[in-house]
Structure formats: structure tokens, C-alpha cells
Amino acid sequence: MVTPEMKICRPKVTVKDLSVSYGRLESLRHVSFEVNEFEILGVIGPAASGKTSLLRTFNRLNDENPAFQKTGKILLDGVDIYEKMDLPTLRKKIGMIFALPAPLPLSIFDNIAYGPRLHNVWKTSELEAIVEKSLRAAFLWEEVKDRLKTPAMKLSGGQQQRLCIARSLAVEPEVILFDEPCSGLDPIATAHVEEAMQELKAKYTIILVTNNTKQAARVSDRTAFFLMGELVEIDRTQKIFTVPQDKRTEDYISGRFG
Amino acid sequence: MDFVGLPVPYTMKPRRISEFLIESAIFLAGTISILFVVLIFIFLAKEGFALFRTVSLWDFLAGKDWYPISYPPRFGALPLILGSVWVTLGAILISVPIGVACAVYIAEVAPHWLREILKASVEFLAAIPSIVLGFIGLVTLVPLVQSLFNISTGLTALAGSLMLGFMAMPTIVSIMEDALTAVPRSYREGALALGATHWQAIWRVVMPAASSGVIAAVMLGIGRVIGETMAVMMITGNAARIPTTLLQPVRTMTATIAAEMGEAVQGSPHYASLFAIGIVLFVITFIINLTADFFLHREK
Ligand SMILES: Nc1ncnc2c1ncn2[C@@H]1O[C@H](COP(=O)(O)OP(=O)(O)OP(=O)(O)O)[C@@H](O)[C@H]1O
Ligand SMILES: [Mg+2]
């Protein structure tokens, strides 16, 4: 078995002194850390601590927001994603799964084929292969293989979320950002999604934002704790949850505030 | 407040009664509007069907001559129906592409401050009385069309189409803009996150998601165009001939009713024929609304 320790730890994403603000409101303050390749980095913190802002900054989803401002750098494999990379390339490399599953108003098949088609894959046989592979990787294939042509909206919430995961996988990203992917799901659906994430780790680097500290403890290799836009602590998950260095981390994970 | 101790029926009863009253009032309001529609149709039918005692339905719908006061009178409504169709088609060809582009720009592209200004101006455009637009059309569009195409008169179907196109645009833009903004942000971001460009997201996700609203907007725009009367009457030339190009004078169904109702002798075939035209209009508008309804409630 390959444990995370046995892998060579190579920084995949490097965040250097990142600050993000929306107009006057600062939502991230001088944050620096690294995400290693093939790890799951859990990101925890109370509401409005800047977790979503962080992910949206990675994916450059805030670019259209005129109030959005950022200083500092984000490097993907050493390349600045704001300076040296165009948007489609970046978003192909960094996929994002949102808190609320948001399938496109298309069939299951077309939802997954949407990304590859954007990147100019048009052959039906090729698309079929991609769709099957992605659905299998997201643990959804068995449940939907007989109704790929039905609207994705007809799936259950948990299935929709796995569909969104499959949709991201279909463009073969390198990094996948999850923003509270299980917040609307029941425990069984959550278990399915977590299982999918564990499998994905072998091939992808994952950042998992979660409001559920237990989930971070279950799933992530390392965990970062954010509070009011500051990165309080980042360390091996086991350490964070057993011997946190910072008093605030301890208070948060033991549920004393939030 | 503390209701403990109050017997349950005591607190429930007034609420039950008011609930009942409100429900009945709403029911009444709903049925009254249906009743009115039915009554209007019955009235139209009663007056209009009298025509078919002297003229066959086919001669009315397909007849090429509209000479209601010559002797013997001819009630061929085809020129009028085609007049309306031509003017409407022209107006749609003009207003739909511009309207769609305008709505997409307002909803998806324009910066916030410009969006508000544009929305306000579109609403302002919708508020201009049609007679005023007709008047402006008469003194500006008509001479323009005349000199542009070098024809003897600018009072043509084209002038009518242009003006009606501008009349329909605010309807199309504002309804479509609502439909586009109602598309959840998550669709857009989902598409963007997969690497779609802004335009790809609009074209392949936002527009299809808003398609029912987009179609409804277009249908309502058409409804507005086909029912318009005074302004078209002022600038289309009012010649009841079957038009072969947009550069000919035409006369629409609505203009015919408005122009001739005053002089038609009540109870005469002429009078009845105007009501029969009304029925045709009613049926056309009804079909348009039904189509719009179908698209609005279509299962996604
Ligand atoms: N688009 C935006 N415009 C303005 N302010 C924003 C925007 N997005 C986030 N913020 C602000 O940035 C701060 C951080 O928000 P963020 O969504 O990153 O928090 P979060 O950690 O994801 O919280 P939650 O756990 O509730 O999702 C908040 O104060 C929020 O109000
Ligand atoms: Mg969030």
C-alpha cells in the first residue's frame, strides 16, 4: 500500500503571500502555504473565514467581479496562474466542485461531455469512452449507465454531486477544488463522495474545503485552519486534530467556537 | 404571547374564516377573467359569423379583393391578413435579433452601472405611447424609406415593420433579460469552471437554460406587433392589396377594423366582416399565446 509518506512530496500549488479583498472587505490576509501533489488538503474554518474566496481565487472565478482585488501569487507547478496562464488552460488544469451540486440543464451524458467538447473533443466514440471513465471514477456509472440521455436534474442530490465530480474529471484536471461538497448530502451519499475522493487522490491533487471538521479528519492528509481570512495553522491532519499548535485551532476543532 | 389555556377552536376559528374568504375572493377573481374571455369571444362570434350567411368562409379567408362598400361588396380578407403577416414578419426579423443581442448584453456583458441605465431606457422606450411612435415614424421613417429605396411613397410595409420592430423590442428585451438573469449563477460558474469562455457559457448554457423565457419574450413581442393599430395605420399606406415586397403599401387587419368601423352600418355584412376580421386576429393571437405558454411550461 502506498501511504502519503511514501510518495515524494512535491509542491503542486504554491500560495505566496496571498491577500484577497472585495472592495473594502478583506477576506484573505497574507496567506502562504503549499499543496503537495497527490494529497488531499483539508481546509477548515468557521463561516466567512475566506475558504470559498481561496478556492475561487485558485480557479480565477472572481475575475469578472470588479470589486475583487488580490495581491500575492499563486503558482501551479511553479507557473503563476494569474500572470502566465490563460483562463481555459487554467480551468482545464484546476477543476472545481461547488457546494450545491449544479448540473447543467442538459442530459447526464451531455453534462459530462460538456467539458471535453469545450476542449475540442467531438468524436462520439471518444466522448463515450470519456463519459464512462469519468462516471466510473466518480462511482456513479452503475447507477446511471442505463439512462445517460435523461436530464441530469432528475438525479438525486448525492448523484448530482457525483455527476459534478465526474464532469470535472472528464477534462482531466490536475488539481480538484471541492467547496463543501457534502453540505447538502445525507451520510450515505457523503460516504460515497468521500470514497470517490480517496480514489481520486492517486491521480489528482485535492483541496477539500469543509465545514465539517470530522470530514477533514477522515479524508485529508493535511489540514489547514483558516480564521477570519488568516491561515492559523497548517499541518498533518493527525497533528492538527491531536496536538494543535495554536490555541484557536484547538478551540475550533473541539467545537468551542465557530 | 401565551396561548396556553385558550381552547384550540377559539384561536383557530377567525383564521379559518378569513382563509375561506380569501380563497373565495381569489377563486372569484380567477373565474371572472375566464368569464370575460368567453363572453368576448361569444360576442365576436355572434357578430362575425353573421357574415358567413352571405360569404363563404373560404371566400373570406382566401378572397383577394376587399371592396366592402362597392356593389356587390367583396369581402376577401387575404390582403389584410397578408398585410398583417408581412408587417409582423418584417418587425420580427428586425426586433428579435436586435432584442436578443440587447438582452444578452444587458444581462451578461454590460458593467453594472451601464446595465441600470440600459434597463431604464428600455423601460422608457416601452412607455412611449404607440401613437407618438407612429407620429415620429411618419415624419422620419417614411421619408427615409422613400429616399433610401427611391420609391414613390415611403408609406410601406417596411416602414411599418421598422417601427413595429422598435415597439416590440422593449417587450422582448425586458422579458428576456429577466429570463437570463434568472438563470442560476451556478450554471454559469459550472460552465466557466470547466474551461468555457464567457461566450461559450452564455451560448451553450445560459441561453438554453433560459430558452423558455427567451421564446416567451419573442412570442409576446409578436403579440404586441400583430395587435398594434394606430401607428401602423399611420405609416403603412393603407392599401388593401396583396403585397409582393416589403416596399409596397399594405393594410393590416387592425388598421382595417379601426378605419372602417365608424362608417359600417350596424348589422350590415360590412359590419359583420369587421368582426370576422376580429375573430381572425383573436385566433392568431390566441395561437401565439398558446405557443408561448407551451414553451414556458415545457418540461426541461
Ligand atoms: N463576491 C463577494 N463579494 C463581496 N464579498 C464577498 C464575496 N465573496 C465573499 N465575500 C466576503 O468574503 C468573506 C469570506 O467569505 P468566504 O465565502 O470566502 O467564506 P467561507 O469561509 O467560504 O464561509 P462559509 O463557510 O460560510 O462558506 C466574507 O466576509 C464574505 O462576506
Ligand atoms: Mg464557503
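Treat the numbers as computed from the prediction; the structure is a model and nothing was measured.

Visitor: I'd love a proper account of the interface of chain A and chain B, names of residues and values included.
Guide: The partner chain B presents 20 residues to the 25 residues of chain A that form the contact. For the pair chain A and chain B, the two sides together bury roughly 1,800 Å², of which 63% comes from carbon and sulfur. Sorting the residues of chain A by area buried against chain B places A:R91, A:Y114 and A:L118 first, and these three jointly supply 29% of that buried surface. Our enumeration of links across chain A and chain B arrives at 1 salt bridge. At the level of elements, α2 (87–93), β6 (94–97), α3 (108–118) and α6 (157–169) of chain A are the ones that each hand at least two residues to the side of chain A that touches chain B. Sort the elements by how many residues they give to the side of chain A that touches chain B and α3(A) lands first, with 4 residues.

Visitor: Describe in detail the nonpolar core, supporting the description with residues and values.
Guide: Of all hydrophobic cores here, the largest spans 87 residues; its most connected members are A:F33, A:F58, B:M176 and B:L180. With 13 residues, helix α6 (residues 157–181) of chain B is the largest single contributor of residues to this core. Formed by 35 residues, the second largest nonpolar core is a distinct cluster that contains A:W141, A:Y204, A:L208 and A:V219.

Visitor: Report on the domain arrangement of chain B, specifying residues and quantitative values.
Guide: Residues and elements named next belong to chain B. Considered domain by domain, chain B is made up of domain 1 (8–53) and domain 2 (78–297). Distance from the C-alpha centre of domain 1 to the C-alpha centre of domain 2: 31 Å. Residue-level contacts link 11 residues of domain 1 with 9 residues of domain 2. Carbon and sulfur atoms supply 90% of the area that domain 1 and domain 2 bury against each other, a total of about 820 Å² over both sides. On the domain 1 side of the contact with domain 2, L44, E47 and L51 bury the most area, a combined 55% of that side's loss. Linking domain 1 to domain 2 there are 0 salt bridges. Counting the contacts that link domain 1 with domain 2 gives 0 residue pairs in polar contact (both at pLDDT 80 or more). Grouping the amino acids of the side of domain 1 that touches domain 2 by side-chain chemistry returns 9 nonpolar, 1 polar and 1 charged.

Visitor: Now, about the packing of aromatic side chains: what can you tell me, with residues and values included?
Guide: Applying the stated criterion to the full structure yields 10 aromatic pairs over all chains. When the ring of B:F43 is compared with that of B:F275, the centres are 5.8 Å apart and the planes differ by 85°; the resulting orientation is edge-to-face. Remark: B:F275 occurs in helix α12 (residues 269–297) and B:F43 occurs in helix α1 (residues 8–48); sequence separation between them is 232 residues. When its relative accessible area of 43% is taken as the criterion, B:F43 is described as partly exposed. Taken together, the ring pairs connect B:F41, B:F282 and B:F286 into an aromatic cluster. The lysine or arginine in question, A:R60, covers the ring of A:Y82, its NZ or CZ lying 4.8 Å from the ring centre. Looking at A:K149, its charged tip hangs above the ring of A:F109, at a distance of 4.2 Å from the centre.

The rules behind these values
Residues numbered from 1 in each chain as written. Chains lettered and ligands numbered in written order. Predicted model: local features only at pLDDT ≥ 70, side-chain atom pairs only at ≥ 80, totals over all residues. Heavy atoms only, no water. Contact = heavy atoms within 4.5 Å. Buried area = accessible area lost by both parts, 1.4 Å probe. Salt bridge = Lys/Arg side-chain N within 4 Å of Asp/Glu carboxyl O. Helix = DSSP H or I, 4+ residues; strand = E, 2+ residues; numbered from the N terminus. Core = buried A, V, L, I, M, F, W, Y, C linked by side-chain atoms within 4.5 Å. Buried < 20%, exposed > 50% of the residue type's maximum accessible area, 1.4 Å probe, protein only. Domains from an automatic or database assignment. Polar contact = N/O pair within 3.5 Å; in protein donor to acceptor, adjacent residues only side chain to side chain. Nonpolar A, V, L, I, M, F, W, Y, C, P; charged D, E, K, R; others polar. Phe/Tyr/Trp six-rings, centres within 6.5 Å; stacked < 30°, edge-to-face > 60°. Lys NZ or Arg CZ within 6 Å of the ring centre and 35° of its normal.

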